[in-house]
Amino acid sequence: MNDLKIVLFICNWGPHAAFQMLQDSCRHMPHQVRMIRIPCSGRMSRALLFKAFETGADGVALVGCEPGSCRYGSGTGIAERNVQDTRGILELLGLGKDRLRLATFLPEQSEALLEFLQQFHADVERMGKSPVIPVPKTQPGESGRDLAARILTSHDIYACQDCGKCSSACPMSLCGKPFSPRAMAGSIIGGNIGSASVVSDVWSCLTCGICYDRCPSAVDFPRFIRDMRQVHRRAGTAGQEAHEGFFQALMRTMTSPDLDIRHWDWLPEDIQVDGQSKTLFFGGCAPYFDTFFGRTLGVKTCDILIDSLRLLNFFDIFPALLPGERCCGHDLLWTGDRDSFIRLARLNVDAIEERGIEEVVTSCPECYRTLAIDYPEHGIPISFKVTHIFDLAEKEIDKGAIGFEKLNRTLTFQDPCRLARLGGPGELPRKLISRLKPRGFEEMRDRGNSALCCGNCAWTGCDSYTKALQVKRLRQARETGSNLLVTACPKCQIHLRCAMEDPFLGDEIRMEMMDLTSIVARTIRWE
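The numbers attached to residues start from 1 for each chain and follow its sequence in the written order. Only residues with pLDDT of 70 or above have their local features reported here, since the model is predicted, and side-chain atom pairs are shown and tallied only from 80 upward, although totals for entire chains, interfaces and linings are computed over all residues. Derived side-chain values reflect all non-hydrogen atoms in the structure, with water molecules and hydrogen atoms excluded from consideration.

Considering the domain arrangement of the chain
- An automatic or database domain assignment supplies the start and end points of every domain. Domain boundaries assigned for the chain yield domain 1 (6-127), domain 2 (144-234), domain 3 (254-388) and domain 4 (395-526).
- The centre of domain 2, based on its C-alpha atoms, is set 28 Å off from the matching centre of domain 4.
- Every contact between the two is made by 18 residues of domain 2 and, on the other side, 20 residues of domain 4.
- Buried area adds together the accessible area that both of two parts lose upon being put together, with accessible area traced by a 1.4 Å probe. Both sides of the domain 2 and domain 4 interface together cover about 1400 Å² of buried area, and 63% of this is carbon and sulfur.
- Among the residues domain 2 hides against domain 4, the three largest losses belong to Cys175, Leu206 and Cys208. Together they make up 33% of the total.
- We count a salt bridge whenever a side-chain nitrogen from Lys or Arg sits within 4 Å of a carboxyl oxygen from Asp or Glu. There are one salt bridge connecting domain 2 and domain 4.
- Here aspartate 463 makes a salt bridge to lysine 177, at a shortest N to O gap of 2.7 Å.
- Think of a polar contact as two N or O atoms within 3.5 Å of one another; within protein, one of them needs to be a possible hydrogen donor and the other a possible acceptor, and neighboring residues in sequence only count if both atoms come from side chains. The tally of links between domain 2 and domain 4 comes to four residue pairs in polar contact (both at pLDDT 80 or more).
- Runs of H or I in DSSP of at least four residues are treated as helices and runs of E of at least two as strands, each being numbered from the N terminus. Of all the secondary-structure elements, those providing two or more residues to the side of domain 2 that touches domain 4 are helix 7 (171-174), helix 10 (210-214) and helix 11 (221-234).
- In terms of residues, the side of domain 2 that touches domain 4 owes the most to one element, helix 10, which gives four residues.
- Charged means Asp, Glu, Lys or Arg here, nonpolar means Ala, Val, Leu, Ile, Met, Phe, Trp, Tyr, Cys or Pro, and polar covers whatever is left, Gly included. Grouping the constituent residues of the side of domain 2 that touches domain 4 by class yields 11 nonpolar, three polar and four charged. Note on contacts: a residue pair qualifies if any of its non-hydrogen atoms lie within 4.5 Å across the two residues.

Structure representation (structure tokens):
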């Protein structure tokens, strides 16, 4: 296979000396291997390793120094962890973990390095070409100014009354960030779409929807920001994506139709599903979240999916699953990559409709909004009903003969933005909480339509201000006297748990968290 693409990331120190020795002695090396010299193997983050596969690599080798010989001390250990996590992601995608290898060498081990490269090349040749199709660059369309003008009109930004209610309620403004939705709207109306301040603000917005909720003219600012990001991305002024854009790269990779994704291989055997069911459970990205964050944050968002399925089984619902389930595409859409979002959405809808599914149930607020609202809004009609699991659970519980075990905890609740304000069943979480039997339920100062965002949306804008917002929210939760923070979105758990890692605040903001679906599933019983 002469068209194989194998990328070799090689540390600048010990192993590069061994590689140089092979070159100097004119030793034959597989010509498909492209060598990229790096400062240290520990500098190759999970995002950088995965980026190679997103852009068409069939195999990637990371070669570093032998343990104990790393010039920077911890580089080899960091490389081992990053490679292990990325291999886990590749396995979930069906690419196979063996397409990524880590090896270490001393300067004098040139023959061992050559043997490794030859063997790795043979292994990749046996696995064959990667099914990943690199996403093409966006083709030039209408000018940025013309597109911006159309977006201004479509979202009725000209109806802005310059009252300032959006800016005075914006969580980012209240955390001290020089950020104003009103000022941004005025600048874009004035034609300054490419100014540094506008670009920064477009990518800093949390799209949490509080401004939309407070606007007397009902200007849908979150959707406006979403579409403006498309303008900026096409102009090459995309913002900083958290984790070096890992999750956006993951979703773009999923637009390759021939991937043999293994989304549900980890599912416990006691979960009952039915491949012939007309009801489908759509899980979302929890398996990828846990693989990526499990080592650093200890998150277990897959528990939400397991408990969701157990809850459905409790109601004698045995849903179908898509073995090759892909991400819904929420984060691509909300970071301006509309073209990739459309490709991913079509693959999802085709896979669901091929099975004759009549109803899709999901526990993720972002999946719910994306499937139910964003797909049809972007020209992808759906023939199935989309139901949030809270809605389903409330209707089943309301039939009677169902109770809950006592829960010796005092609860408080974190509203997800996509449920509280942006199209979800915002009232249902509290209805379900009212049915539980906890020791107590105490609301935070900002709640419901006024709830503070967890500090991040679509993996953008992670900075000191968003961390301040997360700390503020956790302090509000602690002020209630509760000892269990109930969430309803996997990302809320991830972002708030990340803030809890602050080494200076420590126990001041640390709280146990659990998803509402898990609490319902673990305490529900027949009476």
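Considering empty space enclosed by the protein
- Definitions used for this entry: grid spacing 1 Å over protein atoms alone; cavity, a set of points where a 1.4 Å probe fits but cannot get out; pocket, an open set with protein on both sides within 12 Å along at least 5 of 7 lines; lining residue, one with an atom within 4 Å of a point. Grid points are joined across faces, edges and corners, and a volume is the space filled by probe spheres set on the points. Counting across every chain of the model gives six cavities of 30 Å³ or more.
- In terms of lining residues, the largest cavity is bounded by 18 residues, among which Cys160, Cys166, Cys215, Val219 and Phe221 are the most central.
- Among the elements of the structure, helix 6 (165-169) and helix 8 (181-189) are those that each provide at least two residues to the lining of the largest cavity.
- When residues in the lining of the largest cavity are grouped by element, the largest group, three residues, is from helix 8.
- Class assignment for the residues of the lining of the largest cavity results in 12 nonpolar, three polar and three charged.
- As a volume, the second largest cavity reaches approximately 120 Å³.
- Of all the secondary-structure elements, those providing two or more residues to the lining of the second largest cavity are helix 17 (365-377), helix 19 (417-420) and helix 22 (490-499).

Considerations on the side chain of serine 308
- By secondary structure assignment, the location of serine 308 is in helix 14 (residues 302-314).
- Discounting chain neighbours no more than four positions away, the residues touching serine 308 are Phe281, Ser363, Ile389 and Thr517.

Section: the packing of aromatic side chains
- For Phe, Tyr and Trp, where Trp contributes only its six-membered ring, two rings pair if their centres lie within 6.5 Å, and the inter-plane angle classes them as stacked under 30 degrees, edge-to-face over 60, or tilted in between. According to the stated counting rule, one finds 18 aromatic pairs in the structure shown.
- With 4.6 Å between their ring centres and 40° between their planes, phenylalanine 246 and phenylalanine 292 make a pair best called tilted. Of this pair, phenylalanine 246 sits in helix 12 (residues 246-253) while phenylalanine 292 sits in helix 13 (residues 286-297); the two residues are 46 residues apart in sequence, bridging distant segments of the chain.
- Classification of phenylalanine 246 by relative accessible area gives buried; the value is 1%.
- Their ring planes at 55° and their centres at 6.2 Å tell us that tryptophan 264 and phenylalanine 281 sit as a pair that is tilted. Of this pair, tryptophan 264 sits in the loop between helix 12 and strand 5 (279-282) while phenylalanine 281 sits in strand 5, placing them 17 residues apart in sequence.
- With relative accessibility at 8%, the residue tryptophan 264 sits in the buried group.
- Burial classification: accessible surface area is computed with a 1.4 Å probe over protein chains only, and a residue below 20% of its type maximum counts as buried, one above 50% as exposed, and the rest as partly exposed. For phenylalanine 281, a relative accessible area of 0% corresponds to the buried category.

Comments concerning the environment of valine 199
- Tracing the backbone shows valine 199 in helix 9 (residues 196-204).
- In this structure valine 199 comes out as buried when scored by relative accessible area, which is 17%.
- Linking valine 199 and leucine 332, residues 133 residues apart in sequence, is a C-alpha distance of 18 Å.
- With residues up to four places along the chain from it excluded, the contact list for valine 199 reads Ile193, Gly194, His232 and Thr237.

Some thoughts on the pattern of salt bridges
- Applying the stated criterion across every chain, the model contains 35 salt bridges.
- Among the ionic pairs, aspartate 85 bridges to arginine 295, the shortest N-O distance being 3.2 Å. With aspartate 85 in helix 3 (residues 75-92) and arginine 295 in helix 13, this pair connects stretches of sequence that are 210 residues apart.
- Salt-bridge contacts for glutamate 443 lead to arginine 430; the nearest nitrogen and oxygen are separated by 2.5 Å. With glutamate 443 in the loop between strand 10 (437-441) and helix 21 (464-479) and arginine 430 in helix 20 (residues 428-435), this pair connects stretches of sequence that are 13 residues apart.
- Several salt bridges converge on common partners, so that one network encompasses Asp220, Arg223, Arg226, Asp227, Arg369, Asp374 and Glu377.

Remarks on the sheet that holds strand 11 (residues 484-487)
- Note on pairing: two strands pair once DSSP finds at least 2 bridges between them. Spatially, four strands are ordered 10-9-11-12 in an open sheet, and the strand pairing comes out parallel. In this open sheet, the two edge strands, each paired with only one partner strand, are strand 10 and strand 12 (513-515). Here the strands of the sheet are splayed against their neighbours by 45° on average, with no regard to which way each runs.
- When strand 9 (residues 406-413) meets strand 10, the two strands line up parallel, connected through four bridges. Residue pairing across strands places leucine 407 opposite proline 438, the latter belonging to strand 10. Note on geometry: axes are lines fitted to C-alpha atoms, helical ones only across the stretch in contact, with angles between N-to-C directions running from 0 to 180 degrees.

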